[in-house]
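# Chains, contacts and geometry: an overview
Residue strings, one per chain:
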Amino acid sequence: MRRFALIFALWPGVLVAGDFQKLSGEEILSALAGKKLEYGAGVWQVFEASMTTQYFSGGPSVGRWAVRGDQYCSTWPPADLWAC
């Protein structure tokens, strides 16, 4: 959940007077595709335009990401279920 809060915090204009603004699917794609988020303490995540995501927190983890409607979704092996 912390990762998603950071995504919104890094998107210009999302935080307005302490309130969150919902992003459209297009805005989510624009905010994430081809970007690397640094969470601090050596933890980071890359969102490839190919819809692969790499998360590193002491070791690598590779998953897939997508935008469905106006929601960010991801799946992380070995699970094959998508969480949005």
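Residues numbered from 1 in each chain as written. Predicted model: local features only at pLDDT ≥ 70, side-chain atom pairs only at ≥ 80, totals over all residues. Heavy atoms only, no water.

Turning our eyes to something else, we now look at the overall build of the chain. Broken down by element type, the chain carries two helices and five strands. When the helices and strands of the chain are placed in sequence order, the string is α-α-β-β-β-β-β. Only carbon and sulfur atoms are counted for the fraction: they give 59% of the accessible area of the chain, which is about 5,400 Å². (Helix = DSSP H or I, 4+ residues; strand = E, 2+ residues; numbered from the N terminus. Areas by Shrake-Rupley, 256 points an atom, 1.4 Å probe, with all protein chains shown as cover.)

What follows deals with the confidence of the model for the chain. Scored by pLDDT, the chain has a mean of 84; 77% of the residues are at 70 or more. Low pLDDT (under 50) marks residues 13–17, which in the prediction has eight contacts with non-local residues, meaning those over four places away or in another chain. (pLDDT = per-residue confidence, 0-100. Contact = heavy atoms within 4.5 Å.)

Our next topic: the environment of Trp 76. Here Trp 76 lies in the segment after strand 5 (71–75). Considering only alpha carbons, one finds Trp 76 and Gln 54, 22 residues apart in sequence, at a separation of 9.9 Å. Among the polar contacts listed, one links the side chain of Trp 76 to the side chain of Ser 74, at a separation of 3.3 Å. (Polar contact = N/O pair within 3.5 Å; in protein donor to acceptor, adjacent residues only side chain to side chain.)

This next bit is on the sheet that holds strand 5. Pairing is antiparallel across the open sheet formed by five strands, whose spatial order is 1-2-3-4-5. The open sheet has two edge strands with one neighbour each: strand 1 (35–40) and strand 5. For this sheet the average axis-to-axis angle between neighbouring strands, irrespective of direction, equals 25°. Relative to strand 5, strand 4 (residues 60–68) runs antiparallel, the two being bridged by five bridges. Bridging from a neighbouring strand, Arg 68 pairs with Gln 71 of strand 5. The strands that helix 2 (residues 25–32) touches are strand 1, strand 2 (43–47), strand 4 and strand 5; relative to strand 4, the one it contacts most, it runs at about 150°. (Pairing = 2+ DSSP bridges. Axes fitted to C-alpha atoms, helices over the stretch in contact; angles between N-to-C directions.)

Turning to the pattern of salt bridges, a few remarks are in order. Counted under the stated rule, the structure contains one salt bridge. A salt bridge links Glu 38 to Lys 36, with the shortest nitrogen-to-oxygen separation between them at 3.4 Å. Looking at Glu 38, the relative accessible area reads 54%, which means it is exposed. Among the residues examined, Lys 36 registers a relative accessible area of 46% and is labelled partly exposed. (Salt bridge = Lys/Arg side-chain N within 4 Å of Asp/Glu carboxyl O. Buried < 20%, exposed > 50% of the residue type's maximum accessible area, 1.4 Å probe, protein only.)

Turning next to the side chain of Thr 53. In this structure, Thr 53 sits in strand 3 (residues 52–56). Separated by 2.9 Å, the side chains of Thr 53 and Gln 45 make a polar contact. Those residues within four positions of Thr 53 in sequence are excluded, and the remaining contacts are Gln 45, Val 46, Phe 47, Ser 61, Val 62, Gly 63, Arg 64, Trp 65 and Trp 76.

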